[in-house]
Amino acid sequence: MLTTLKTSYTDTRAADLAWALGRDPLPALAVLDLELAGAKLQLRLLGASHQVLLEEEDRSCSETVACMPGSSTPLPLGVSKRVGEWEYEFAARVENLTQGSFAGRAQELLALVADHPHGLAGTFPGSPHAFTAMLAQRHEGQVRWRTWHAYPQEGQLVVTRTRIGARMPATL
């Protein structure tokens with residue numbers, strides 16, 4: 001699903017993004033409710049940031065990547081931790097792109113997410129390349145999602161990847 005967000009572009013720097021687990025739902029500009037093999041997932045666009053709410057059986061988890069006043073947890077490169085009975089893994093990276101390659105990458109990602117049944121993307125008024133996009137799936141008993149936060153004025157794309165679910169057996 002692709003939508004134009006009816007708000008000004010507020011999270012204007014990739015460096016201002018912070019990460020948090022367990023936050024209550026924040027006001028959303030766009031929401032996509034999904035059911036993935038028994039897991040209820042809500043993808044939420046919060047301006048140039050995101051929140052994912054997951055419920056399965058008697059367990060729940062929320063992930064927020066946003067500019068959060070008073071937050072002391074900047075966007076980490078990686079997190080691996082237990083959330084109740086689940087294993088949670090988060091990874092983030094920043095891609096620095098030229099103006100021309102940024103435009104191409106933005107079009108490619110928006111096309112990928114716009115027509116995907118488990119995708120949500122929002123563009124901002126004023127720049128066709130200012131967007132936040134999310135894509136979710138269920139794979140091997142885990143719920144996974146990827147997000148893209150575009151900052152065209154900086155030529156930066158913040159990419160996150162999350163997976164959560166039952167502990168996976170170690171492989172040698």
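Look up: the structure comes first, before these words.
Parameters and conventions
Residues numbered from 1 in each chain as written. Predicted model: local features only at pLDDT ≥ 70, side-chain atom pairs only at ≥ 80, totals over all residues. Heavy atoms only, no water. Salt bridge = Lys/Arg side-chain N within 4 Å of Asp/Glu carboxyl O. Helix = DSSP H or I, 4+ residues; strand = E, 2+ residues; numbered from the N terminus. Pairing = 2+ DSSP bridges. Axes fitted to C-alpha atoms, helices over the stretch in contact; angles between N-to-C directions. Contact = heavy atoms within 4.5 Å. Buried < 20%, exposed > 50% of the residue type's maximum accessible area, 1.4 Å probe, protein only. Phe/Tyr/Trp six-rings, centres within 6.5 Å; stacked < 30°, edge-to-face > 60°.

Enquirer: Looking at this structure, I do not really get the pattern of salt bridges. What am I missing?
Expert: Oppositely charged side chains can form a pair if their charged atoms are brought close together. Taken as a whole and assessed by the stated rule, the structure comprises eight salt bridges. A salt bridge links Glu 89 to Arg 163, with the nearest nitrogen and oxygen atoms 3.0 Å apart. Pair noted here: Glu 89 is in strand 8 (residues 86-96) and Arg 163 is in strand 12 (residues 156-165), with a separation of 74 residues, a long-range link. Bridged by salt links that share partners, the residues Arg 93, Glu 95, Arg 105 and Glu 108 form one connected network.

Enquirer: Explanation requested: the sheet that holds strand 5 (residues 50-56) in the structure shown.
Expert: Note on sheets: strands pair through backbone hydrogen bonds, and any given pair is parallel or antiparallel. Taking strand neighbours across the sheet as the criterion, the five strands line up as 2-6-5-4-3 in an open arrangement whose pairing is antiparallel. Among the strands making up the open sheet, the edge pair consists of strand 2 (18-21) and strand 3 (30-36). Pairwise comparison of adjacent strand axes, ignoring direction, gives a mean angle of 10 degrees for this sheet. Of the pairings in the sheet, the one linking strand 5 to strand 6 (residues 59-66) comprises seven bridges and is antiparallel in character. Among the inter-strand pairings, Glu 55 is bridged to a residue of strand 6, identified as Ser 60.

Enquirer: Just checking my understanding: could you explain the pairing of strand 8 for this structure?
Expert: Each regular strand shows side chains that alternate between the opposite faces of the sheet. Looking at chain direction, strand 7 (residues 78-83) and strand 8 are connected through six bridges and run antiparallel. The residue bridging Val 83 from the neighbouring strand is Trp 86, located in strand 8. Here ten bridges tie strand 8 to strand 12, and the two strands are oriented antiparallel to one another. Within strand 12, the residue paired with Arg 93 across the bridge is Val 159.

Enquirer: I tried to follow the side chain of Thr 132 on my own but got confused; where do I start?
Expert: Inspection of the secondary structure assignment puts Thr 132 in strand 10 (residues 127-139). Filtering out sequence-adjacent residues up to four positions away, Thr 132 remains in contact with Leu 45, Gly 47, Ala 48, Ser 49, Leu 120, Ala 121, Gly 122, Phe 124, Trp 148 and His 149.

Enquirer: What exactly am I supposed to notice about the sheet that holds strand 11 (residues 142-151) here?
Expert: The mixed open sheet is built from seven strands, whose spatial order is 1-9-10-11-12-8-7. Of all strands in the sheet, those with a lone pairing partner are strand 1 (2-4) and strand 7, marking the two edges. Adjacent strand axes in the sheet meet at a mean angle of 15 degrees, parallel and antiparallel pairs treated alike. The sheet contact formed by strand 1 and strand 9 (residues 119-124) spans three bridges and is parallel.

Enquirer: Hey, could you run me through the pairing of strand 6 in this one?
Expert: Of all eight residues that make up strand 6, six are buried, and the element is covered over most of its length. Here strand 2 runs beside strand 6; their pairing, made up of four bridges, is antiparallel. Bridging across to strand 6, Trp 19 finds its partner in Val 65. Between strand 5 and strand 6, which pair antiparallel in sequence order, lie two residues; one of them, Glu 57, sits at a positive phi of approximately 55 degrees.

Enquirer: Looking at this structure, I do not really get the packing of aromatic side chains. What am I missing?
Expert: The full count for this structure, using the stated rule, is two aromatic pairs. For the pair Trp 19 and Tyr 88, a centre-to-centre distance of 6.3 Å together with 35 degrees between the ring planes defines the contact as tilted. Taken together, the residues Trp 19 in strand 2 and Tyr 88 in strand 8 connect sequence positions 69 residues apart. With respect to class, Trp 19 is no different from Tyr 88; both count as buried. Members of the aromatic cluster, joined through ring pairs, are Trp 19, Tyr 88 and Phe 90.

Nothing here speaks to function; it is geometry throughout.
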